[in-house]
Amino acid sequence: MQNRLATIGDVAGKHFDFVVIGGGTAGLTLASRLTENPRVSVVVLEAGDAHFEDSKILTPDGFMRQLRQPEYDWAFWTVPQKHSGDKVISWSRGKGLGGSSAMNFLMWTTPQREDIDGFEKLGNTGWKWEMLATYMKKIERSPSGLGLIPVGYAHTPSGAELPFQQSMNANGIPIASVDDTTCGSWMSPSSIEPETGCRVDATTAYLLPALQRPNLHVLTGAYVTKLLTSDGTRLTAMGAEFVYNSLLHNVYVDKEIILSAGAVKSPQILELSGIGNCKLLRSLGIPVKMDLPAVGGSLRDKVTVSIVLEMKEGHDIFSFNLMANPEFHSRLNEVYPNATGKFSSVVSGMTFIPTQALPEGTQASIFSTAETFVQNAKQHGLYTKVHELLMDHLGNSKVPDFEVIVTPFVPGAPNPKKAYIALVICLSHPFSSGDTHIQSADPQIAPLIDPCVFECAIDLNILVEAFKFTRKVIQTAPFCDLVSKEIRPGPEVQSDNEIKAAIQGNIATIWHSSGTVSMMPKEIGGVVDTKLKVYGTTNVRVVDMSIVPLPIGTHTQCMLISISHWYEL
Ligand SMILES: Cc1cc2nc3c(=O)[nH]c(=O)nc-3n(C[C@H](O)[C@H](O)[C@H](O)COP(=O)(O)OP(=O)(O)OC[C@H]3O[C@@H](n4cnc5c(N)ncnc54)[C@H](O)[C@@H]3O)c2cc1C
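Residues numbered from 1 in each chain as written. Predicted model: local features only at pLDDT ≥ 70, side-chain atom pairs only at ≥ 80, totals over all residues. Heavy atoms only, no water.

Under an unreviewed UniProt entry, the protein chain has the name GMC oxidoreductase and belongs to Rhodofomes roseus. Check the Cofactor (unreviewed entry) section of the UniProt entry for the protein chain; it says "FAD". The Sequence similarities (unreviewed entry) comment attached to the protein chain in UniProt states, word for word, "Belongs to the GMC oxidoreductase family." (UniProt positions renumbered as here; feature names shortened; annotations may be inferred.)

Okay, here's the thing in structure tokens:
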């Protein structure tokens with residue numbers, strides 16, 4: 001396969017109809033779609049390596065060995081978060097072919113109708129759930145679908161998922177079964193090959209079946225530093241500049257440049273190309289090509305806090321540390337007689353919960369914080385259309401406000417022979433938003449990432465209540481019978497203030513960054529139009545998570561791959 005990749009000689013100084021920047025989730029899906037037409041030539045420039053047949057990628061739990069490794073992960077950090085005691089947050093993004101789809105947790109969830117319909121309510125005519133739903137069905141290979149992504153259930157869940165679901169149910173949360181809401185408890189499907197149990201990412205699903213096409217050229221190790229644009233009131237991209245083996249090269253485009261470098265790097269490339277906030281660009285000595293102040297703004301990600309539990313022995317709960325330990329394999333063979341391939345941990349249990357499912361007093365406290373937020377934001381002229389939609393979500397019992405994920409992944413398990421489960425509590429629709437901007441004209445210097453976590457108090461309030469609710473579920477049968485003790489943050493954390501401090505001190509993200517090149521009308525902070533074209537340009541599009549203008553309550557890969565199929569070139 002490696003020898004089907006392009007060489008620098010195939011690309012440098014050459015012309016292509018389409019130049020796709022970033023061979024990640026969206027980029028490879030698009031490149032595959034575009035080259036279905038043999039008359040169209042496409043080059044993909046990917047900064048990272050190919051990683052073909054790499055067990056850290058193919059084995060579902062291999063991401064534990066990828067996280068923060070520079071070969072696989074851009075491994076960014078945020079700036080200190082001032083509403084979380086100046087904590088910096090690890091901000092992983094996949095590097096190499098497949099991008100973040102090669103290092104994600106494989107969870108496959110279709111988006112909530114209201115999330116996608118929200119795109120249209122922001123002024124993006126035509127972006128409706130029904131249209132996207134057609135593509136969601138087409139991309140899945142399942143008993144009902146003929147698409148390229150096999151979607152199914154992993155053979156080896158940890159064993160904690162069903163009892164947790166039953167305890168959720170005992171606390172009023174239904175087992176999810178209906179189509180019009182994601183709310184409820186689910187066994188999560190994964191993007192996984194049923195026979196081998198291997199990960200399926202954008203490389204395996206989209207690139208490999210297309211790689212033999214003579215009109216598709218993929219160059220790895222090609223780090224794009226800027227777009228080459230003509231001058232004029234409407235910018236036209238002539239090509240892109242990239243570094244390969246420490247040398248600068250150009251590639252030229254006849255039709256369109258498509259930026260698919262992800263929610264951090266796509267805005268970085270625009271700013272390095274002189275497209276962004278003119279004041280910032282001038283301050284860094286970058287010639288301004290297009291004053292587009294919203295580039296890099298509206299960054300949102302779903303923050304999380306975890307409750308880590310040590311599980312009792314003798315109940316066949318298999319966390320990552322046990323699954324990886326050969327001592328436990330004979331028991332695993334007995335418990336999972338039909339499992340094929342290597343034993344590998346997966347994330348299978350998730351529950352989406354609206355605040356309406358919480359006790360009445362709790363709901364009242366959340367709504368009172370929300371009202372205070374709205375009043376303050378309106379008073380200071382900071383109340384946006386996005387906030388308005390998030391308020392609608394909060395008031396809608398079909399739309400989840402938080403999620404609890406049962407994960408068997410606890411890095412540094414204190415006792416390698418015991419099972420540990422982390423319940424990851426995740427905010428579904430953060431109100432707080434921040435930005436990511438370049439801090440230097442040097443493309444090798446990482447941009448600053450400031451998600452402004454908890455700037456809106458309502459986010460912290462929801463997480464505190466979600467934390468208390470999750471603890472109640474942990475103490476409910478049958479799940480409580482499996483738990484030996486809470487080891488993080490620990491039973492001493494009880495009052496609201498103690499819980500707040502524990503959340504602020506342990507905050508993480510679920511890596512669903514979006515919004516930094518938002519699709520919205522320009523007047524309200526948009527960077528791309530409904531055809532995903534950058535305002536003021538004739539041939540620059542952005543197709544990746546950065547265009548998603550609202551936080552999405554579910555996991556993002558299914559939605560993004562559907563978008564990459566749907567949008568018209
Ligand atoms: C650790 C982790 C776990 C996740 N878990 C899940 C999950 O279980 N389920 C789910 O649905 N979603 C999950 N997600 C989110 C989901 O995977 C992402 O939202 C999605 O894959 C992002 O796709 P993208 O195309 O926007 O960017 P990416 O897939 O990240 O692609 C961007 C590509 O551009 C390349 N690139 C960047 N800069 C340059 C440059 N200057 N020149 C050339 N190339 C460049 C990168 O190397 C990368 O390959 C997870 C994400 C992460 C990071």
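Once the structure has been displayed, the description carries forward.
Visitor: Before we go on, may I ask you to explain the packing of aromatic side chains in this structure?
Guide: We describe a pair of aromatic rings using the distance from one ring centre to the other and the angle between the two ring planes. One pass over the full model with this rule turns up 13 aromatic pairs. Aromatic side chains Phe164 and Phe479 sit 5.0 Å apart centroid to centroid with 75 degrees between the ring planes, which places their arrangement in the edge-to-face category. Of the two residues, Phe164 is situated in helix 7 (residues 161–170) and Phe479 in the loop between helix 15 (457–474) and strand 22 (483–488); the sequence distance between them amounts to 315 residues. Given a relative accessible area of 1%, Phe164 falls into the buried group. The class of Phe479 is buried, set by a relative accessible area of 0%. (Phe/Tyr/Trp six-rings, centres within 6.5 Å; stacked < 30°, edge-to-face > 60°. Helix = DSSP H or I, 4+ residues; strand = E, 2+ residues; numbered from the N terminus. Buried < 20%, exposed > 50% of the residue type's maximum accessible area, 1.4 Å probe, protein only.)

Visitor: Looking at this structure, how should I read the sheet that holds strand 5 (residues 140–142)?
Guide: The strands making up a sheet associate through hydrogen bonds between their backbones, and the pairing can be parallel or antiparallel. Ordered by their spatial adjacency, four strands build an open sheet running 6-5-7-9, and the pairing between neighbours is mixed. A single partner strand is all that each edge strand has here, and the edge strands are strand 6 (145–146) and strand 9 (190–191). Of the pairings in the sheet, the one linking strand 5 to strand 6 comprises two bridges and is antiparallel in character. Residue Arg141 lies in a different strand from strand 6, and its bridge partner there is Leu146. (Pairing = 2+ DSSP bridges.)

Visitor: Can you walk me through the UniProt feature "domain: Glucose-methanol-choline oxidoreductase N-terminal" (unreviewed entry) in the protein chain in this structure?
Guide: Here, the residues flagged by UniProt with the feature "domain: Glucose-methanol-choline oxidoreductase N-terminal" (unreviewed entry) are residues 94–117 and 262–276. Helix makes up 21% of residues 94–117 and strand 0%. Its end C-alpha atoms lie 28 Å apart. From the first C-alpha to the last, residues 262–276 spans 17 Å; its make-up is 73% helix and 13% strand.

Visitor: Any chance you could explain the nonpolar core here in plain terms?
Guide: Core analysis: the largest hydrophobic core is formed by 150 residues, its most contacted members being Leu45, Phe119 and Phe479. By residue number, the principal contributor to this core is helix 15, which donates 10 residues. Not counting chain neighbours up to four residues away, the residues in contact with Phe119 comprise Asn124, Trp127, Met519, Val548, Pro549, Leu550, Ile552, Met559 and Ile563. Within the second largest apolar cluster, 16 residues are counted, among which are Met107, Phe320, Met350 and Phe409. (Core = buried A, V, L, I, M, F, W, Y, C linked by side-chain atoms within 4.5 Å. Contact = heavy atoms within 4.5 Å.)

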